[in-house]
Amino acid sequence: MRYNPIKTLLAVLLLSSCGGTEKNEKVDNIIAERKPLELIDKGIKAFPLDDETNFERLIDLKFNTIDGVDYLSFFDRQAYSIYMYDYNQSTLFRRIQLEKVGPNGIIEFFTFQFFFHSMDSIFIRVPLIGQYLINDKAEVIDKHAAAGLKLSQNEIRNASYDGASYYENGKINALWTGTNQGKNQETTYLRAIIDWKNDSIASRYISANQVFADYPKIQEMLNRKDKTFIPIKVHFLRSPEFLFASTPISDSIFLFKDNQRVKSIYAGNPNYNIADYETFLNLREIKNIRSGSSGSVSKVQEPIHPPYYGDFSISPDGKYIYRVLSHGTKPLYNEVLERDIPDVIGATLIVVNTETNEISYFELPIDEIDLQVSESPNVFTSHEGIHFRVKDQQNEDEIQFRVFGVK
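Residues numbered from 1 in each chain as written. Predicted model: local features only at pLDDT ≥ 70, side-chain atom pairs only at ≥ 80, totals over all residues. Heavy atoms only, no water.

K.L.:
How should the sheet that holds strand β3 (residues 69-76) be read in this particular structure?
P.N.:
The strands that make up a sheet pair up through hydrogen bonds in the backbone, lying either parallel or antiparallel. Taken together, the four strands give an open sheet; going across it, the order is β2-β3-β4-β5, and neighbouring strands pair in antiparallel fashion. Strand pairing shows two members of the sheet lacking a second neighbour, β2 (59-66) and β5 (91-97), which therefore form its edges. Averaged over neighbouring strand pairs, the angle between their axes works out to 20° when direction is ignored. (Pairing = 2+ DSSP bridges. Helix = DSSP H or I, 4+ residues; strand = E, 2+ residues; numbered from the N terminus. Axes fitted to C-alpha atoms, helices over the stretch in contact; angles between N-to-C directions.)

K.L.:
Looking at this structure, I do not really get the side chain of aspartate 370. What am I missing?
P.N.:
Tracing the chain through its elements places aspartate 370 in the loop between β24 (359-363) and β25 (379-382). Although aspartate 370 is buried, it forms no salt bridge, and the closest oppositely charged side chain is arginine 389 at an N-O distance of 6.0 Å. Side chain to side chain, aspartate 370 and glutamine 372 meet in a polar contact 3.2 Å long. Here aspartate 370 is in contact with Ser376, Asn378, Arg389 and Lys391, once residues within four sequence places are set aside. (Buried < 20%, exposed > 50% of the residue type's maximum accessible area, 1.4 Å probe, protein only. Lys, Arg positive; Asp, Glu negative; His and termini not counted. Salt bridge = Lys/Arg side-chain N within 4 Å of Asp/Glu carboxyl O. Polar contact = N/O pair within 3.5 Å; in protein donor to acceptor, adjacent residues only side chain to side chain. Contact = heavy atoms within 4.5 Å.)

K.L.:
Looking at this structure, I do not really get the pairing of strand β27 (residues 398-406). What am I missing?
P.N.:
Working note: regular strand, side chains alternate between the two faces of the sheet. Burial analysis of β27 places eight of its nine residues in the buried class, which makes it a mostly covered element. The pairing of strand β1 (residues 39-48) with β27 spans nine bridges and is classified as antiparallel. Paired with alanine 46 across the strands is glutamine 400, a residue of β27. Pairing geometry for strand β26 (residues 385-389) and β27, over four bridges, is antiparallel. Considered in β27, the bridge of histidine 387 is made with valine 403.

K.L.:
Would you take a moment to explain the pairing of β25 for this structure?
P.N.:
By the alternation rule, side chains of β25 split into Val379 and Thr381 and Phe380 and Ser382, which are all buried. Relative to β26, β25 runs antiparallel, the two being bridged by four bridges. Following the sheet pairing, valine 379 is matched in β26 by phenylalanine 388. The antiparallel pairing of β25 with β26 creates a hairpin that spans two residues between the two strands.

K.L.:
Which parts of the structure should I look at to understand the sheet that holds strand β8 (residues 130-134)?
P.N.:
Taken in spatial order, the four strands of this open sheet run β6-β7-β8-β9, and their pairing is antiparallel. Taken across any chain shown, the strands that pair with only one partner, and hence form the sheet edges, are β6 (113-118) and β9 (140-145). For this sheet, the mean inter-axis angle between neighbouring strands, taken without regard to orientation, is 15°. Note that β6 and strand β7 (residues 121-126) share five bridges and pair antiparallel. When the bridges of β7 are listed, glutamine 113 appears paired with arginine 125.

K.L.:
How should I be thinking about the confidence of the model for the protein in this particular structure?
P.N.:
Detailed reading of the predicted coordinates is not advisable wherever pLDDT falls low. A residue-level look at the protein finds 84% of positions with pLDDT of 70 or above and a mean pLDDT of 84. Across residues 1-32, where pLDDT falls below 50, the model places 75 contacts with residues more than four positions away in sequence or in other chains. Low pLDDT (under 50) marks residues 179-185, which in the prediction has 19 contacts with non-local residues, meaning those over four places away or in another chain. (pLDDT = per-residue confidence, 0-100.)

Here it is in structure tokens:
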């Protein structure tokens, strides 16, 4: 089913009592003066898969431009390889086959992160294991791998790669995930600089107070001894000029330059009330259940979520920011987990021109694209627009993406 891109925004408010929106500026009058962008459905883009690739799960999916050529890349755990596709030709460019043992061995783990510094310089992070620098032949050039409990005792474990990570002058700019800090910690930082040579954190920057209006209250909830919450993740993006930051409960996107917040852009939808921090955190309380004779423990996620902002990406030239607004969820029974999980019932694509602040909305065909709570791993953005993995596609010889972008 093809959706008309000129359709007006479908205002579906699932939970009217979900709480107030975290707005830093009253911008309704500004929205009315903005010229809307024209958004269109650009159809399907597909990439062929080999017989070894796990069709179901592509890890750390990303768009790269290296030496002027655009690539789609991802890690496949089953094939233990990084795949690189020529984006424009939709053809496999290179498969970087990793090793698990030996001098070029990278210890296997269920998750994985990587980013390209150049074609023959790829940084890999394996949580709780360490970090590696490899070339395009999968040869390990350098590594900081854990020996026993060494890494778990090192604060560097709290640094991870994200869409804003890069390497420059011997240092990696990384996401700092140690946000649930003690009561005596005056400042909670959101990003860190890894000194690669010395395997240490050189510095931390951007405080949570620069992104969250109510961070002292959020920190108070995170520090409760009777309950444990998954912290609210801050999403970061990078352009040649700015570092962008936002959260699932913020209508604004914040722009940073030289580690200072210089301005904010409204990137919300006035027709929806986004969950406040308390509502959102309560949905992310860790509730464990025991199942099976082994007494295994798994986390339970609440199946009902009020409106929130999910995936957040930027065009390679930094001109357009793409943001997904989920209108809410309904319970969906999962036979494997034997319980209800959240299923998105409606979503709107928000696109903002970072140069003019023009903003537009596009109703997404949720029955045809893969949207998950609270982040969707099968989403990336190219010059053409934002790509969503096609939901329940039948052909397992390729991966298909539905593309939406500015005309």
